[in-house]
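# Descriptive structure summary
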Amino acid sequence: MKRTKRPARNSRSGRRSKHHYLWWALGFIGALTLLNAGSYLWFIGGIDWPAKVEEPPAEWTEDFRPEIGDPPYKIVVDAGHGGSDPGATGVIVEREMTAATAEALVQLLEADPNFIPLGTRDSYDTTATPTERVEQANQQKPDLLLSIHGNSSTGGSDASGFECYPVTPGRTWHRESLYFAEKLAAEMEAEGNPLRGQGGIRYIYYNEEDQKILAEANNTQVREETTFTILEEAECPAVLAEQCFVTNPEDVDQFGDADGVQRAARVYYRAICAYFETEPLE
């Protein structure tokens, strides 16, 4: 039987030519090169990948305890705003709420021999910048600083709850401040004040344009931007607390009116006792 000669199969007839394999190999090598380059850029931070935090930071473990020394402990109570600076205005004026809360807290601390309450101005009616207030605080060599503020919302009266801001990561008193912030948030939640953000704790930064940058508590990145002056320049553990929304009637009723500030002051007092591991007075 006569054998039919098979035609040479090239790329057109079904057989891949040597040139085809060459181009395939070059394409494969190119893809590997791009993949490696992308991995390298990711590694060095050349690509701004979204941060993903699976677990809370190590500072949130129960193993950390601040070195507190022996009583009496000097506590600076800073009433935010004041004087010609009203702060936020809503159902109530922030300046009036912070002054009333600070006064109530000072009275509780004065009654407890474990504490010596201190202030950041001669009178709540005195106008003083944050720098002036923190300078006065530092001169008194305090063991702890609490700056009391009220929150506000321009989008209506629905925003509510408590949040606080400790000294930011990378600063000298960060871990102690975060520890105190945890105590504040826990006491506020136990009192029925809903917590905002991650467990009621957040960080605030200001960029070069003086715009606020908000970070949740699990973002432990050390940043160059500064935070609130009262925290940035404090020479002790410090937390700024946003007690309630002065623009929310229900918030004010719970933690901002005449009875509410007394309630908030007791919460702050219990948190201070928890920080220093003392028993609060009845």
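If you're wondering where the values come from, they're calculated on a predicted model, not measured in any experiment.

## Things to note about the overall build of the protein chain
The number of helices and strands found in the protein chain is seven helices and seven strands. Each helix and strand of the protein chain, placed in order from N terminus to C terminus, yields the pattern α-β-α-β-α-β-β-α-β-β-α-β-α-α. Classification of the 282 residues of the protein chain by burial places 40% in the buried group. For the protein chain, the exposed surface amounts to about 16,500 Å²; the carbon and sulfur share of it is 50%.

## Examining the packing of helix α4 (residues 174–190) against helix α7 (residues 258–276)
Put simply, α4 and α7 touch, their axes get as near as 9 Å, and they point 135 degrees apart. In terms of orientation, α4 lies oblique with respect to α7. The two elements α4 and α7 meet at a crossing, and its hand is right-handed. Contacts between α4 and α7 involve Glu176, Tyr179, Phe180, Lys183, Leu184, Glu187 and Met188 from the first element and Ala264, Val267, Tyr268, Arg270, Ala271, Ile272, Ala274 and Tyr275 from the second. For the contact of α4 with α7, the residue count by class is 11 nonpolar, no polar and four charged.

## What to know about the environment of alanine 181
Position of alanine 181 among the secondary structure elements: in helix α4. For alanine 181, a relative accessible area of 0% corresponds to the buried category. Taking the C-alpha atoms as reference points, alanine 181 and tyrosine 275, separated by 94 residues in sequence, lie 9.3 Å from one another. Once residues within four sequence positions are removed from consideration, alanine 181 is found in contact with Cys164, Pro166, Ile201 and Val239.

## As for the layout of surface pockets
Looking at the largest pocket, its volume works out to about 530 Å³. Lining the largest pocket are 27 residues, and of these His149, Tyr206, Lys212, Phe228 and Glu242 sit closest to its centre. Elements supplying a minimum of two residues to the lining of the largest pocket: α3 (130–139), β3 (144–151), β4 (163–166), β5 (202–206), β6 (212–216), α5 (229–232) and β7 (238–245). Among the residues making up the lining of the largest pocket, the classes are represented as 11 nonpolar, eight polar and eight charged.

## Some thoughts on the nonpolar core
Among the nonpolar cores identified, the biggest contains 48 residues, and Ile75, Leu105, Phe115, Phe180, Tyr268 and Ile272 are the most heavily contacted of them. Looking at this core, the elements with two or more residues in it are β1 (73–79), α2 (94–110), β3, α4, β5, β7, α6 (249–255) and α7. Ranked by residue count, the leading element in this core is α7, at 11 residues. Residues in contact with leucine 105, not counting those within four places in the same chain, are Val77, Leu146, Ile148, Ala265, Tyr268, Tyr269 and Ile272. Of all hydrophobic cores here, the second largest spans 16 residues; its members include Val167, Ile204, Ala234 and Leu240.

## Describing the sheet that holds β7
One open sheet accounts for five strands, arranged β2-β1-β3-β7-β4; its pairing is mixed. Whereas interior strands pair on both sides, the edge strands pair on one side only; in this sheet they are β2 (115–118) and β4. Geometrically, the sheet is characterised by an average inter-axis angle of 25 degrees between neighbouring strands, direction not taken into account. Pairing geometry for β1 and β3, over five bridges, is parallel. When the sheet's bridge partners are listed, alanine 79 is paired in β3 with isoleucine 148. Where α4 meets the sheet, its contacts fall on β3, β4 and β7, and the angle it forms with β7 comes to roughly 25 degrees.

## Concerning the pattern of salt bridges
Inspection of every chain in the model, using the stated rule, returns 10 salt bridges. Residue arginine 263 is joined to glutamate 191 by a salt bridge in which the shortest nitrogen-to-oxygen separation is 2.8 Å. Taken together, the residues span a long stretch of sequence, with arginine 263 in helix α7 and glutamate 191 in the loop between α4 and β5 at a distance of 72 residues. Relative accessible area serves as the criterion here: at 22%, glutamate 191 is assigned to the partly exposed category. Taking the shortest distance from any N to any O, the salt bridge between arginine 223 and glutamate 225 comes out at 3.1 Å.

## A short note on the pairing of β1
Two faces make up the sheet, and in a regular strand the side chains alternate between them. With six of its seven residues buried, β1 lies for the most part within the structure. Sheet topology places β1 next to β2; four bridges connect them, and they run parallel. Across the sheet, lysine 74 pairs through a bridge with isoleucine 116, a residue of β2. The parallel pair β1 and β2, bridged by α2, forms a crossover whose chirality is right-handed.

## Overview of the packing of aromatic side chains
One pass over the structure, following the stated rule, counts 10 aromatic pairs. For the ring pair tyrosine 179 and tyrosine 275, a centre distance of 5.7 Å and an interplane angle of 65 degrees mean the geometry is edge-to-face. Taken as a pair, tyrosine 179 in helix α4 and tyrosine 275 in helix α7 lie far apart in primary sequence, 96 residues in all. Of the two residues, tyrosine 179 and tyrosine 275, neither departs from the other in class, the shared state being buried. Between the aromatic rings of tyrosine 275 and phenylalanine 276, the centroid separation amounts to 4.8 Å while the plane-to-plane angle is 75 degrees, which identifies the pairing as edge-to-face. Under the relative-accessibility criterion, phenylalanine 276 is labelled buried at 3%. Here the basic side chain of arginine 223 rests over the ring of tyrosine 205, its NZ or CZ set 5.0 Å away from the ring centre.

Cut-off values and rules
Residues numbered from 1 in each chain as written. Predicted model: local features only at pLDDT ≥ 70, side-chain atom pairs only at ≥ 80, totals over all residues. Heavy atoms only, no water. Helix = DSSP H or I, 4+ residues; strand = E, 2+ residues; numbered from the N terminus. Buried < 20%, exposed > 50% of the residue type's maximum accessible area, 1.4 Å probe, protein only. Areas by Shrake-Rupley, 256 points an atom, 1.4 Å probe, with all protein chains shown as cover. Axes fitted to C-alpha atoms, helices over the stretch in contact; angles between N-to-C directions. Parallel < 35°, antiparallel > 145°, perpendicular 65-115°, else oblique. Left-handed = near helix turned anticlockwise from the far one by under 90°. Contact = heavy atoms within 4.5 Å. Nonpolar A, V, L, I, M, F, W, Y, C, P; charged D, E, K, R; others polar. 1 Å grid on protein atoms, 1.4 Å probe; cavity = no way out; pocket = protein on both sides within 12 Å on 5 of 7 lines; lining within 4 Å. Points joined across faces, edges and corners; volume = space filled by probe spheres on them. Core = buried A, V, L, I, M, F, W, Y, C linked by side-chain atoms within 4.5 Å. Pairing = 2+ DSSP bridges. Salt bridge = Lys/Arg side-chain N within 4 Å of Asp/Glu carboxyl O. Right-handed = clockwise from strand over helix to strand, strands pointing away. Phe/Tyr/Trp six-rings, centres within 6.5 Å; stacked < 30°, edge-to-face > 60°. Lys NZ or Arg CZ within 6 Å of the ring centre and 35° of its normal.

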